[in-house]
Protein chains: 2
Amino acid sequence: MTDLPFAPNPMRRALLTGTGAAVTIAAVGPWRTAFAQGAAARPLPAFAAFKDAGTMIVHSANTIEMRRGPAGNGSLTTVNQLYVRNNLAPPSADIVAKPDDWTVKIEGVRRPKSLSVRELKTMGTESVTMVLQCSGNGRGMFPSKPSGTPWQTGAAGCIMWTGVPVRHVVAALGGINPGMKFLTGTGGEVLPAGISPKSRVERSVPAAVYEDALLAWEINGQPIPLAHGGPLRLIVPGFTGVNSIKYVKQVAFTAAESDSSIQQTDYRMTPTGEASQRPTDPSVWQMPPKSWINTPLAGATDLRAGEEVVVRGVAFAGVNAVKQVDVSIDGGQTWQRAALVGPDLGRFAWRQFELPVRLAAGKYVLASRVTDVRGNVQTENRVENKGGYLNSSWRDHAVSISVA
Amino acid sequence: MTDLPFAPNPMRRALLTGTGAAVTIAAVGPWRTAFAQGAAARPLPAFAAFKDAGTMIVHSANTIEMRRGPAGNGSLTTVNQLYVRNNLAPPSADIVAKPDDWTVKIEGVRRPKSLSVRELKTMGTESVTMVLQCSGNGRGMFPSKPSGTPWQTGAAGCIMWTGVPVRHVVAALGGINPGMKFLTGTGGEVLPAGISPKSRVERSVPAAVYEDALLAWEINGQPIPLAHGGPLRLIVPGFTGVNSIKYVKQVAFTAAESDSSIQQTDYRMTPTGEASQRPTDPSVWQMPPKSWINTPLAGATDLRAGEEVVVRGVAFAGVNAVKQVDVSIDGGQTWQRAALVGPDLGRFAWRQFELPVRLAAGKYVLASRVTDVRGNVQTENRVENKGGYLNSSWRDHAVSISVA
């Protein structure tokens, strides 16, 4: 395990005690307290040293988010401002030194095979732009204070991935075996000795998702760095980030879901109050419709009565394209249609929205609400759940401002 | 004029003496000598402070290139590694603080109008990925040592621009006036008092180019920084960088080419030996087919007999899509077809190519040669010209390696 420059590293400590649940513990105790109190910025860990420190919030060595603000309004997120969330410490950086030598096993197909990145590059390349969002983005807005990193809005970005479509690989290997219901990706993290193999990073999603999935070696046109899963990452567009397996070493079509802890007893929509997350609760897979405002933000001091201020933000809806975004300046009592101003980079990408307003002096609560092409509307309230996942509440993401 | 942290600034000095030709003088005397001798790196100027210093070569305050190497092999170039070449010092950074307030005058159409970026954003947004390359990229390989920055390969990048197609703007304003043969863009640089207005940054390209052109406010998905022409840049895909006007304040359809020096007596393919560049010589407009190898490079010490080494580089052909790339290991005596390995991001983007080879101990000269879909082939030799423009010679770009 890579030595990360934090002490104590709660994940590492928990892992070494052998508790399966440890893989989701990333920012507890002193970290959270320090964050809430606005303590001095923690340094970036070595594997994410290329990040733009001024734009980021370092929760822990494996959990780093982008501050809410203008940088979040671009049609793409720059890689040095993209959040980092690792479920285990990353493998050695050696694996990105010769990225083409990395191999991934393809199982559950007619002709199972190990393929190197070099070979994958000959099988037809595509790019897909999509929102990468941590399952727990917005957890910090749950009053129930679930365990886990208290992300605000910044564990999300819109990214162009480039690689080979999984459907090309499947076709080349003779098709999927009968009866396979899941697409199961396994990460290349190295588990410390004595740790249960159930702590491995392995996730299953419905097999049909393979039609959209990519085995990617580029992020925004450059080789994927270790912090984002290089040399090869399984990309599952429209699903939360945990399903897009980093350092992917196996892609298997399977009859059952993985028995990993991260599949069975984490990332489940278990009601608050239960003792633990349960395999029988819904898995955290597709992202619901969600939008938020990045400018202006609470605390803005440059808002003057009668002057135009442009409300800006981003909106997406998992696997579905955005149809419209509405903005409220009165906490959701009335809504106005915002303009979609940016490029349409495909149904998995976010859309930028804008609404210019002129406000009299006073206090306002700004909110945004997206509707997708299938008629799904961003919900007013979060779905309460023990893990603090999938917070897409427009009310939680509302912004209180004062106009002088 | 912004004060740049170099002394002496040859461009500024020349401008203040009032010579029109000064606008192309950017790296002369001590700069070139220092570069050739591999002197200590010069600091990045303030407006390009966000650049990745370790990847860049700072020729002068307004001329910064990316080192030849692996970073050049991505399907997109990251903005903090993209070259900078300004013909004049940039305007005040104030102009990017409120980008939507920037206005551009549209002339030579039925209903001329000034439009703000805010208005442009409502007129339909598209993204185009294209090679941005300085007209003088490769000038450093001319034995004739033309005046100007001795760029190697790094005054080029592949970039995704986002904005409104000029054809949308033209349609909204009633169409182009009859008889207009050129699309003329004017930059928003501020000329010091006493300088001839002919020193302004203004370029004309054939009017038909408007079908491909964009008025862009995003570069790789983020607002365009000052160093790259924000808040608004005229993008002319397939043409050299000088034609993509930064801080664009006017786009005019005109009957004649601009009378600016940069149009009339610079960026002309004037034969070597003439006293000055002549308006009657061809203008530097479209980019010819060009490719180069980024890895391995001369001086590589890790090449071992019998081990596989992958020759990698990029290829493009101006307005035409790439059809194929051939690679030679014997200085152009024989050629092998390389694989196009990356995504096809459109005809204006570059393609990545790869050829794995195993070499016995010895010396080799690696070269690459692109052919476009119209059958145009990258030329063996440069077109000699006084200004050192458009060097696309595959021989000049060849790489000499030793295998141990």
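Conventions and cut-offs
Residues numbered from 1 in each chain as written. Chains lettered and ligands numbered in written order. Predicted model: local features only at pLDDT ≥ 70, side-chain atom pairs only at ≥ 80, totals over all residues. Helix = DSSP H or I, 4+ residues; strand = E, 2+ residues; numbered from the N terminus. Rg over C-alpha atoms; globule rule 2.2 N^0.38 Å. Buried ≥ 20, exposed ≤ 12 C-beta atoms within 10 Å, placed from the backbone. Contact = placed C-beta atoms within 7 Å. Pairing = 2+ DSSP bridges. Nonpolar A, V, L, I, M, F, W, Y, C, P; charged D, E, K, R; others polar. Domains from an automatic or database assignment. Least-squares fit on C-alpha atoms with pLDDT ≥ 70 in both. pLDDT = per-residue confidence, 0-100.

**Examining the overall build of chain A**
Looking only at helices and strands, one finds 5 helices and 21 strands in chain A. Expected size for 404 residues packed as a compact globule is a radius of gyration near 22 Å; at 21 Å, chain A falls within 12% of this value. Per-residue burial for chain A yields a buried fraction of 55% across its 404 residues. For chain A, the share of sequence-separated contacts (at least 6 apart) that also reach a separation of at least 24 residues comes to 71%.

**Re the pairing of strand β20 (residues 362-372) of chain A**
Residues and elements named next belong to chain A. Taken together, the 6 bridges between strand β16 (residues 322-328) and β20 define a ladder with antiparallel strand orientation. Of the residues in β20, the one forming a bridge with aspartate 326 is arginine 369. Across 5 bridges, the pairing between β20 and strand β21 (residues 399-403) is antiparallel. When the bridges of β21 are listed, valine 365 appears paired with serine 400.

**Here we look at the sheet that holds strand β2 (residues 63-66) of chain A**
All names here are of chain A. In space, the 3 strands of this open sheet follow the order β1-β2-β3, with antiparallel pairing throughout. Each edge of the open sheet is held by one strand with a lone partner, namely β1 (56-60) and β3 (84-85). As defined by bridge partners, β2 adjoins β3 across 2 bridges and the pair is classed as antiparallel. Its bridge partner lying in β3, threonine 63 is registered against arginine 85.

**Section: the pairing of strand β8 (residues 182-187) of chain B**
Residues and elements named next belong to chain B. Taking burial as the measure, the 6 residues of β8 include 6 buried ones, the bulk of the element. Along β8, one buried face is formed by Phe182, Thr184 and Thr186 and the opposite face, lined by Leu183, Gly185 and Gly187, is buried too. Of the strand pairs in this sheet, β8 and strand β9 (residues 202-206) are connected by 5 bridges, and their pairing is antiparallel. Counterpart to leucine 183 in the pairing with β9 is valine 205. Sheet analysis places β8 next to strand β13 (residues 248-254), joined by 6 bridges and oriented antiparallel. Bridging from a neighbouring strand, threonine 186 pairs with glutamine 250 of β13.

**Some points on the interface of chain A and chain B**
Listed by partner, the interface residues are 23 residues for chain A and 22 residues for chain B. Broken down by secondary-structure element, the contributors of at least two residues to the side of chain A that touches chain B are β6 (126-133) and β11 (222-223) of chain A. For the side of chain A that touches chain B, the residue count by class is 7 nonpolar, 12 polar and 4 charged.

**Some remarks on the domain arrangement of chain A**
All names here are of chain A. For chain A, the assigned domains are domain 1 (10-264) and domain 2 (290-403). Taking only C-alpha atoms, the centre of domain 1 and the centre of domain 2 are 27 Å apart. Of the residues lining the interface, 24 residues belong to domain 1; the matching set on domain 2 comes to 28 residues. A per-element tally of the side of domain 1 that touches domain 2 places β6 first, with 4 residues.

**So, the sheet that holds strand β18 (residues 339-340) of chain A**
Strands sit in the order β14-β15-β19-β18 (chain A) across an open sheet of 4 strands; the sheet is antiparallel. Looking along the sheet, the strands with just one partner apiece sit at the ends: β14 (290-295) and β18 of chain A.

**Considerations on the relation of the copies chain A and chain B**
In screw terms, the move from chain A to chain B is a rotation of 180 degrees and a rise of 0.0 Å along the axis, fitting with an RMSD of 0.0 Å. In the structure described here, the two chain copies are related by an operation that fits a two-fold rotation axis. Looking at chain A, 96% of its interface residues are interface residues in chain B too, so the copies touch through the same face.

**Quick word on the confidence of the model for chain A**
For chain A, the mean per-residue pLDDT works out to 90, and 90% of the residues sit at or above 70. Reported for the predicted complex are a pTM of 0.87 and an ipTM of 0.83.

**Some words on the environment of glycine 138 of chain B**
Take glycine 138 of chain B: it is sitting in the loop between β6 (126-133) and β7 (156-165). Put simply, glycine 138 of chain B and lysine 363 of chain B are 225 residues apart on the chain and 24 Å apart in space, counted from C-alpha to C-alpha.

**Quick look at the environment of arginine 337 of chain B**
All names here are of chain B. Among the structural elements, arginine 337 can be located in strand β17 (residues 336-337). You can call arginine 337 exposed: it has 11 C-beta atoms within 10 Å. Sequence spacing of arginine 337 and phenylalanine 353 is 16 residues, and the spatial spacing of their C-alpha atoms is 9.6 Å. Other than its neighbours up to four places away in sequence, arginine 337 contacts Gln324 and Asp326.

**Description of unusual backbone geometry**
The linkage connecting glycine 230 of chain A with the following residue, proline 231 of chain A, adopts the cis geometry, with an omega of 10 degrees. Within the fold, proline 231 of chain A resides in the loop between β11 and β12 (233-235). The step from threonine 295 of chain B to proline 296 of chain B runs through a cis peptide bond, and the omega angle for that step is -5 degrees. Position of proline 296 of chain B among the secondary structure elements: in the loop between β14 (290-295) and β15 (308-316). Positive phi is not limited to glycine here, since leucine 390 of chain A has a value of about 55 degrees. By the element assignment, leucine 390 of chain A lies in the loop between β20 and β21.

**Side note on the environment of alanine 207 of chain A**
All names here are of chain A. Of note, alanine 207 is situated in the loop between β9 (202-206) and β10 (214-219). Spatially, the C-alpha atom of alanine 207 lies 8.2 Å from that of threonine 184, the residues being 23 residues apart in sequence. Ignoring anything within four residues of it in the chain, the contact list for alanine 207 reads Ile176, Met180, Lys181, Phe182, Leu183 and Phe253.

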